[in-house]
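A closer look at the structure
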Amino acid sequence: MSIEEYQHTLTEQIQSAGKGDTSSTVLGVAVGEDRYLIPMTEVSEVIQIPKLAHVPLTQPWFLGLANVRGNLYGVTDLGVYLGGNPTAFNLKSRILLASPGNKMFGGFIVNSMLGIRSLSEFTPVKSAKKKLPKGVIANYKDTEGRLWRELSLYELIRDEKFLQIASE
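Read on for a plain summary of the structure.

Taken together, the six strands give an open sheet; going across it, the order is β8-β1-β2-β11-β10-β9, and neighbouring strands pair in mixed fashion. The two strands at the open ends of the sheet, each matched to only one other strand, are β8 (112–118) and β9 (123–125). Within this sheet the neighbouring strands show an average axis-to-axis angle of 35°, counted without direction. Sheet topology places β9 next to strand β10 (residues 136–141); three bridges connect them, and they run antiparallel. By the bridge assignment, Pro 124 is partnered in β10 with Tyr 140.

Here is the structure:
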């Protein structure tokens, strides 16, 4: 399948998912070795990685700015932001665009897309820790026993740490 066919199929899935019960529709993504479920209501678009304008003296997780149809998106390496090590991006890597309002635009690079899912496919898991990491809403396991974390991009974008991109 070509990249264009993949994007077209994914766009159709996103649009058709938007017509159903979106509260339980999530987008599965891989970030490093971890798997995340992102609420479909928080993903405005999925794009290939464009040329980024580097911004000096910023946090290691902030990769630069992307101009997407006239809107500037700050692009974050989601894995590094969540505490992981930097990983190389490839042809499967994508940017999830989110814009919760008030002219806030965030782009999050993920290593690969794992498809549109329903939360009903997963079993909730109680966290051993009382408090989940920032942005993580809940933990789940799939039928094969793999751990998935539900992640709110909107919560990340509004986090004080996320808004402070200048390096210390």
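Okay, the environment of Leu 147 next. With respect to the helices and strands, Leu 147 occurs in strand β11 (residues 147–151). Of the residues examined, Leu 147 reaches a relative accessible area of 39% and is grouped as partly exposed. C-alpha separation for the pair Leu 147 and Phe 122, spaced 25 residues apart in sequence, amounts to 9.6 Å. Contact partners of Leu 147, with chain neighbours within four places excluded, come to Arg 35, Asn 139 and Tyr 140.

Reading the values: rules and limits
- Residues numbered from 1 in each chain as written.
- Predicted model: local features only at pLDDT ≥ 70, side-chain atom pairs only at ≥ 80, totals over all residues.
- Heavy atoms only, no water.
- Pairing = 2+ DSSP bridges.
- Helix = DSSP H or I, 4+ residues; strand = E, 2+ residues; numbered from the N terminus.
- Axes fitted to C-alpha atoms, helices over the stretch in contact; angles between N-to-C directions.
- Buried < 20%, exposed > 50% of the residue type's maximum accessible area, 1.4 Å probe, protein only.
- Contact = heavy atoms within 4.5 Å.

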